[in-house]
Structures are given as structure tokens and as C-alpha cells.
Amino acid sequence: GIFDDSYMNIRQPRVSSANVQERGLERGYSGRRTSNAESVPYYRRASDACNSYGAATSIGMNLYRGSSQDAGDPNPHRMSQMSMNYGNSQSEQQKRNSIENAGSAPLGNRRRISVEHDPRKSGLGHNNNTGPAQKNIVNNTGRGGDSGQNSASRAKSPNSSHSSKSSSMKMSTMSSSAKQNPSWFTEQHSGSTDHVQNQNIVPHKDKDLRSSRRYQDEDDKTMTTMMTKDQALRPSAMIKAKDMSSPTGDVTIVFTDVRGSTLFWETCPTDMKKATDIHDIIMRQCYTNHSGYEITTEGDSFNLAFQHPVDALAFALQAQQKLYKADWPEGILKHPEGKDEPTLKFRGFRVRFGIHHGPTTSRIHEMTGRTLYTGEAVKIAKAVEGMCHGGQILTTVETWKAVSGMAERYLGRPQVLDCGEHLLFESKSASPGKPGGYTTTRYTTTRYTRRVMQLVPSELAFDFFEARGRRDVLSEDGKMEYEIKDASSVTGRLFPPLTSKRQLTTCFLNAPYANGRVTICFVYTVGLDENPDTKTKNLGVLAKSVRKKMLVLNPPGYECQEDNGCWMLAFDRMAHAVTFGIQLKAAMQAGVEDLMAPVDCDNMFKVGILSGPFTSMGPHKTTGMADYFGPIVNRAARVASNCEPGQVCVGIPLSNGVTADPPDFGPSIDVNLQGIKRLKGITIDMAIFACSKN
């Protein structure tokens, strides 16, 4: 619209090159014509004030030139003529026409860039260049202008219309290429849109602080400027919105919730309202960045859908980081549920995320018009969210496996933790029957179980490798000794065990690490390679037997990894590992159902066991299971390799005055010395003992 002179004097006391781009391109003018020079239309005043900024001036001239051509103006250089003659010989009708044309300039130029040279209509191929320049072009297109360099060159060139057309075609092609890539690709390879705006729009702080504050990305400070608001109603955003659709088929469902929200509303309702607005803005900004679809909200809870699980996990990881850095109200930070805890890296709202990817069915809600999803995937995602603690991200192992190969490149290397297999929920289905001639209804119970994985952003994660184990230190007499690591100096998010109906397997938190010591056990299968047709089937049966025998112990053994019939296990003490090995051997001798012949059950396994200190221990970057490091791992593997088929052997390193005395595992276990050997790659002698049931 047209504003009076008082608005111009109050809101725009200074004019800079940034103001030309910021206000000249968005509005085109800000005043109306009067008899004095102070009320010259805004685009003219800005041009006069910025003669030293050639690029900015040329942008305004090219925009005006483009709008004149769109309006059918026969003179493409009308802007230059008006710049020289304005206020001297113009008629009132010419002045009114110039104001109208200037007001329509941004819209006309945008239309020429986004529609006239749409690569889908012109047949141009996609450009694979997805660097920062792409974001710059998309951003400038949304603002209705070109880069200053291209505009300036067209202003000097006699073939300005041809140059403008060629540049527009390039920009449209690259913008279309960006649409073909998933959001995680654009995020990683194109940088932040707000960062590009800062480079090209925001002036130096000494030039115009007000304009700098307007376009500075303050998401991590005051949350007053958000990408979703900044891009609203822009032509580029509208074009993107038209191409978007709700996910279909196999969909990743996300449920979120704020821990302790009821207590917040009871104790500090005013600050809670402000905090809820901050939370909602962050959530919507993050899922917009990653092509999310908002199904519904209920209070502070969000229900979202994503077509690909990598987008859903990227959304959750980004949201947790922004929530931690947000400028929360004072009342929230004083509350026990939202206080700043630097040691655990909690601050403000602690939001939990439950994520699962699977087949769904959808329908359109009659009242809201939004897509609603039903099916097993929705129930599982909701159950997973119900097990979460505040600030935790949980997903199923199937969902994680679909994106684990992209984690280091596109998800910022999050920490992955195995939470074990859990019973999520049970469902009963009726099956009618007629036993004894009476009509009755029988119910069949179906149990839904899933292995659950925890994800933590790398900058918020607790470094288990620095907190657990022993480090080497030299004593005063020059001997190598061990020192237990101090976990109190390590910061990061730690969560208690999940609150599920039932935990069915061990998880990372069950892995032994007390006092920097552990018992490592390797189990090797023997003879399965001779029958490749039955190997896969038999390995599955043997894996169940190994895990079953581990779980009957108290505390149970822990499975670190399994690879093609080789298991690495961890126990809290050597006696438990020996008991496991002997019970496994007895189970094989008694016979295992479903094993496909021919197999030698008596000599199926070789079991090697070793106890001692470990250097470090933490979650594997892909599986999330406990991974141990130190000499003990290689030594235990060498002991297992030295065993005969069907044997359970224990290794005792003969160093620091240790003698080859047999360990005592109780009267039910017989221990016999097999010999003192120097194993391959081991620098000390090892006493090998064979254990059997007495």
C-alpha cells in the first residue's frame, strides 16, 4: 500500500544497499508524490542514496525494467530515463504510472523467473550442482531479484533482455534440481537458507542494525525469527508447497510429547504458554526442513509422517539440538523438569520422540481435510514413544537399519545405543468355535515385540569410551599400571532403562564394566561350512540356543556381536562364562530340535574365556551394542582358536608373578591344565585350562 510521510520518517531514517534489497525488492516503493523532494517514491530515494553500491542500484533498475516489459511498456529503458528526468519535466500521469510499475516489479520479475523458464516446461535437463550457489539462487528468486553481479552486467549490456533470460533459465534449472533430492541431501550439500540470506542481504552492523536484526538467524537465541515465518507467502515457497503431498504406502510415523507439561501448566502457566510457542515453532521449522507432514497435534504433542525414515530421524536429531539451545522463559528453567543441567546436557523442555517405519493405510479426515494414518506402524510408533524418557529419541531396529548406512554422512554421526527387545503391546482377536456342541468365543493373543534403538545427537551424547575402562599409567618405578577412568568428568545425556511391559533381551546398559574389568568369551561353530545348503538354517537354530543359555544366568551374559557363527560375549565374572559354556555343550549333546543333519552335536562349538581389564568400552556406531577394546579381546580370541572342538577353555596370563594354578569354579566343574603356550601375536605366556562338568 501507500504510506504517508510520517511512516517514512519514522521507520526508514537511513537508506543503505541492504535496504534497497530488503525493502526496494519486496515493496518497490514506500511513499506517495507531494510537492517536495522528501516525498520522492522510495525506490528513487534508495537509488540516489546508493550510487556507490553499483550492484544494488542495478538490481533495482533491472527489476523495474523487467516489470515494465511485463506490463507491455514499449520502452525497456524507462527506469534510466525517469532517473534523469524525475521531478523536472514529468507529468503527474507519468509519475503515477512510475509508482504503479515500481510496485509491481517484484511480482513481475518473480513470474518471469519461476514460470516462463520452468525447466519442466522448457525441456531443460536438471543440473546436478547442489552447492551453496543453489540456495542463493533459490533465495533470490523468492525475493524477486537476481544476484548483484548478474544484474549489474545486464545493466551494462545492450542485450540485457537476452542476458536476463539466460540467467533466469539457469536459476530455474538449479531450483528444479533441488526439488529432486530428498531434504537430507539438500540440508547437507546446500547449507542453511538463513546463512545465505545473511551473506547476501544483511548489511554490516555499522550500516543498519535494525535490518541486521530482522534477517539474522536467531533460532538458537531468542526464537523471534523463524524460517517458516521468513519464507511464508513467497513465490518460491508456494511453488514448493504445490509439489508437496502427504506420504503414502510405507510411511515413517513419529509421535512426540513434552515430559512434565502438566506440572508446567500448574506452576508457571504464563511462561508455559511462551515455552509452548517456542516448542511449536522449533518443531514446525525442523519437520519443514525435512519434508515432514503434520497429521495432528494434541496440546504439546505432535503426530507427524515422513516418506523416508532418514528424514524422520534427521528431524528428531535437529529438533533435540534446537530445543536444547532455545531461549526458554525463566519460569521453565527454574522448574525441576526444565532446569539447566550442564552435566547431563538437559535444558528447558525435554521432548521424547517415538519413530517407526512400516506399511500404513490412509484416509482424509472429513472435517480437517488432513491425511490420517492407521495400521500396525502407527501403533508401534505410539508404543515406542510411550517407553521414552524426556529428551530421548527411540526407533525400532528395522527403521534404523534402513538408514544406518547414511548416518555418518547425513545424520551427523549420532550416538546409537541398543536398548534390547521389548514387548510393546498385545492384541486379542476373537475366533468362534463349538466345542462340545456349545457356541463359544475363543480369543487369540498376538504379542508385538520389537528391538529398540536410541539415538542421541553427537554434541549431546555421553562419551562412554572416555568414562569406562582403564588407562595406562607409569608408576614411580617405571612399571606399567592401570588407572580406572573417572566418569564424573564426562558430560552428556544418560537415560535409565526403558519403561516397557517387559524386556526380552539384554541391552547396552546390561553390559558389564564395573572396576574396568570384564570376562570376554568367544564361541566358534565347527563343521557347518561343510554343508552350505543347511548352514543358514542351522545358524539360526544355534543362535537361539546361545542366547537362551546366556539369559538363564544371573546376571545374564551379554552378546556384543555375532558374525557368521562366531559370537563375542561378555560376562561379569569368569565363573559365569564357564557355566554358560558347559551348559551350552550339554544342550548340544542332548540334541537340539530343528537342526538339520548331518551335524556333530558333541563337537559343535569351541569356547575360549579370558578375564582382565579393558581399555575402553562404548556403543558400536552401527549396532549400538557394547564394544570392548584392549588386549583382553585379542587374547580371548586366541584362547578360543587354540581349543579343540567341543572344549571349553580358560586362559590365565602368566605375568606379574602369576603362576599356573588352576582356577576354582566349584565342586561341579573339573579344571585340567592343557599346557602353557605362547599364542600367536601375544607377548606373554598363557596357561590354558580345559573345563568340563564333574
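What counts, and at which threshold
Residues numbered from 1 in each chain as written. Predicted model: local features only at pLDDT ≥ 70, side-chain atom pairs only at ≥ 80, totals over all residues. Heavy atoms only, no water. Helix = DSSP H or I, 4+ residues; strand = E, 2+ residues; numbered from the N terminus. Expected span 1.5 Å × (residues − 1). Buried < 20%, exposed > 50% of the residue type's maximum accessible area, 1.4 Å probe, protein only. Bend = angle between axes of the 7 residues up to and from the residue. Contact = heavy atoms within 4.5 Å. pLDDT = per-residue confidence, 0-100. Pairing = 2+ DSSP bridges. Phe/Tyr/Trp six-rings, centres within 6.5 Å; stacked < 30°, edge-to-face > 60°. Polar contact = N/O pair within 3.5 Å; in protein donor to acceptor, adjacent residues only side chain to side chain. Core = buried A, V, L, I, M, F, W, Y, C linked by side-chain atoms within 4.5 Å. Axes fitted to C-alpha atoms, helices over the stretch in contact; angles between N-to-C directions. Salt bridge = Lys/Arg side-chain N within 4 Å of Asp/Glu carboxyl O. Left-handed = near helix turned anticlockwise from the far one by under 90°. Nonpolar A, V, L, I, M, F, W, Y, C, P; charged D, E, K, R; others polar.

Colleague: Sorry if this is basic, but what is going on with helix 19 (residues 309-325) here?
Modeller: Residues separated by three or four positions in an α-helix point in the same direction, a consequence of the helix having 3.6 residues per turn. Taking 1.5 Å per residue, 17 residues should reach 24 Å; helix 19 reaches 25 Å between its end C-alpha atoms and fits that length. Along helix 19, 15 of the 17 residues are buried, which leaves the element largely enclosed by surrounding structure.

Colleague: I tried to follow helix 25 (residues 532-551) on my own but got confused; where do I start?
Modeller: For helix 25, spanning 20 residues, the distance from its first C-alpha to its last is 29 Å, which sits close to the expected 28 Å at 1.5 Å a residue. At Asn538, helix 25 shows its maximal bend, which comes to roughly 30 degrees. Taken as a whole, helix 25 has its buried residues at Thr534, Lys535, Asn538, Leu539, Val541, Leu542, Ala543, Ser545, Val546 and Met550. Next to the buried residues of helix 25 lie strand 13 (517-525), strand 14 (558-563), strand 15 (566-571), helix 26 (574-590) and strand 16 (605-613).

Colleague: Help me understand the confidence of the model for the protein, please; the structure alone is not making it clear to me.
Modeller: The predicted coordinates of low-pLDDT regions are not to be read in fine detail. On average, residues of the protein score 74 in pLDDT, and 64% of them are at 70 or above. The least confident element of the protein is helix 9 (residues 132-143), whose mean pLDDT is 35; the most confident is strand 7 (residues 393-396), at 98. Taken as a whole, residues 1-90 scores under 50 in pLDDT and shows 160 contacts with residues more than four places along the chain or in a different chain. Low pLDDT, under 50, characterises residues 98-227; the stretch is placed with 225 contacts to residues that sit more than four places away or in other chains.

Colleague: What is the right way to read the pairing of strand 13 from this model?
Modeller: The side chains of a regular strand alternate between both faces of the sheet. Burial of strand 13 is extensive: seven of the nine residues sit out of reach of the surface. Note: strand 13 against strand 16, nine bridges, orientation antiparallel. For Tyr524, the partnering residue across the bridge sits in strand 16 and is Lys606. The pairing of strand 13 with strand 15 spans six bridges and is antiparallel. By the bridge assignment for strand 15, Thr519 is matched with Phe571.

Colleague: What's the story with the packing of aromatic side chains in this structure? I'm lost.
Modeller: Within a pair of aromatic rings, the relevant descriptors are the distance that separates the centres and the angle that separates the planes. Throughout the structure, instances matching the rule amount to 13 aromatic pairs. Relative to Phe495, the ring of Phe346 has its centre 5.8 Å away and its plane inclined at 70 degrees; by these criteria the two rings are edge-to-face. Placement of Phe346 in the loop between helix 20 (330-334) and strand 4 (351-359) and of Phe495 in the loop between strand 11 (480-484) and strand 12 (502-503) is noted, with a sequence separation of 149 residues between them. The residues Phe346 and Phe495 share a single accessibility class, namely buried. Their ring planes at 85 degrees and their centres at 5.3 Å tell us that Phe614 and Tyr628 sit as a pair that is edge-to-face.

Colleague: I tried to follow the side chain of Glu294 on my own but got confused; where do I start?
Modeller: Note on placement: Glu294 falls in strand 2 (residues 293-298). Within the local environment of Glu294, its side chain forms a polar contact with the side chain of Arg284, the two groups lying 3.1 Å apart. Those residues in contact with Glu294 that sit more than four places away from it in its chain are Arg284, Tyr287, Phe302, Asn303, Leu304 and Arg370.

Colleague: How do you make sense of the environment of Gly331 when you look at a structure like this?
Modeller: Inspection of the secondary structure puts Gly331 in helix 20. Of the residues examined, Gly331 reaches a relative accessible area of 17% and is grouped as buried. Linking Gly331 and Gly348, residues 17 residues apart in sequence, is a C-alpha distance of 9.8 Å. Sequence-distant contacts of Gly331, that is, excluding residues within four places in its chain, are made with Cys268 and Asp271.

Colleague: What's the story with the nonpolar core in this structure? I'm lost.
Modeller: Where a protein is soluble and globular, its nonpolar side chains tend to be buried together. Among the nonpolar cores identified, the biggest contains 39 residues, and Val254, Phe315, Phe349, Phe353, Trp400 and Leu411 are the most heavily contacted of them. Those elements giving two or more residues to this core turn out to be strand 1 (250-258), helix 18 (269-289), strand 3 (301-306), helix 19, strand 4, helix 22 (397-401) and strand 9 (440-456). Core analysis: the next-biggest nonpolar cluster, separate from the first, contains 36 residues, Ala543, Met588, Ile609 and Phe665 among them.

Colleague: Looking at this model, I keep getting lost on the side chain of Arg347. Mind explaining?
Modeller: Along the chain, Arg347 falls in the loop between helix 20 and strand 4. At 2.5 Å, the side chain of Arg347 and the backbone oxygen of Ala326 are in polar contact. Each residue touching Arg347, except ones within four places of it in the same chain, is listed here: Leu323, Tyr324, Lys325, Ala326, Trp328, Leu333, Gly338, Lys339 and Asp340.

Colleague: Could you clarify how one ought to interpret unusual backbone geometry in this entry?
Modeller: Keep in mind that most residues, glycine aside, have a negative phi and that most peptide bonds are trans. Backbone torsion omega between Asn554 and Pro555 reads -5 degrees, so that peptide bond is classified as cis. By the element assignment, Pro555 lies in the loop between helix 25 and strand 14. At Asn515, a residue that is not glycine, the phi angle is positive and equals roughly 60 degrees. Take Asn515: it is sitting in the loop between strand 12 and strand 13. Residue class for Asn515 comes out exposed when judged on its relative accessible area of 55%. One non-glycine residue, Asn564, adopts positive backbone phi at about 55 degrees. Relative to the helices and strands, Asn564 is located in the loop between strand 14 and strand 15.

Colleague: Before we go on, may I ask you to explain the sheet that holds strand 14 in this structure?
Modeller: As a general point, the strands of a sheet are linked pairwise by backbone hydrogen bonds and lie either parallel or antiparallel. Strands sit in the order 14-15-13-16-19-21-20 across an open sheet of seven strands; the sheet is mixed. The open sheet has two edge strands with one neighbour each: strand 14 and strand 20 (669-677). Strand-to-strand twist across the sheet, computed as the mean angle between neighbouring axes with direction ignored, equals 20 degrees. Pairing between strand 16 and strand 19 (residues 648-653): three bridges, direction parallel. Across the sheet, the residue bridging to Gly608 is Cys649, located in strand 19. Across the face of the sheet, helix 25 comes into contact with strand 13, strand 14, strand 15 and strand 16 while running at roughly 5 degrees to strand 15. Most of the contacts of helix 26 go to strand 16, to which it runs at about 175 degrees, and overall it touches strand 13, strand 15, strand 16, strand 19, strand 20 and strand 21 (686-693).

Colleague: How should the pattern of salt bridges be read in this particular structure?
Modeller: In a structure, side chains of opposite charge can pair up when their charged atoms sit close to one another. Enumeration over the complete set of coordinates arrives at 18 salt bridges. The closest approach of N and O atoms between Arg284 and Glu294, which form a salt bridge, is 3.1 Å. Here Arg284 is found in helix 18, whereas its partner Glu294 is found in strand 2, with 10 residues between them in sequence. For Glu294, a relative accessible area of 9% puts it in the buried group. In this structure, Lys325 and Glu459 form a salt bridge, with 3.3 Å as the shortest nitrogen-oxygen distance. With Lys325 in helix 19 and Glu459 in the loop between strand 9 and helix 24 (464-467), the pair connects residues that are 134 residues apart, well separated along the chain. Taking relative accessible area as the criterion, Lys325 reaches 35% and is therefore assigned partly exposed. Assessed through its relative accessible area of 34%, Glu459 is described here as partly exposed. Salt bridges here are not isolated pairs; linked through shared partners, they connect Asp257, Arg352, Lys382 and Glu385.

Colleague: Looking at this structure, how should I read the packing of helix 18 against helix 19?
Modeller: A pair of packed helices is captured by two measures, namely the crossing angle of their axes and the spacing between those axes. For the pair helix 18 and helix 19, interaxial distance at closest approach is 9 Å and the crossing angle is 145 degrees. Here helix 18 runs over helix 19; the crossing is right-handed. Note on element contacts: helix 19 touches helix 18 through Phe315, Gln318, Ala319, Lys322 and Leu323, opposite His279, Ile282, Met283, Gln285, Cys286, Tyr287 and Asn289. Among the residues making up the contact of helix 18 with helix 19, the classes are represented as seven nonpolar, four polar and one charged.

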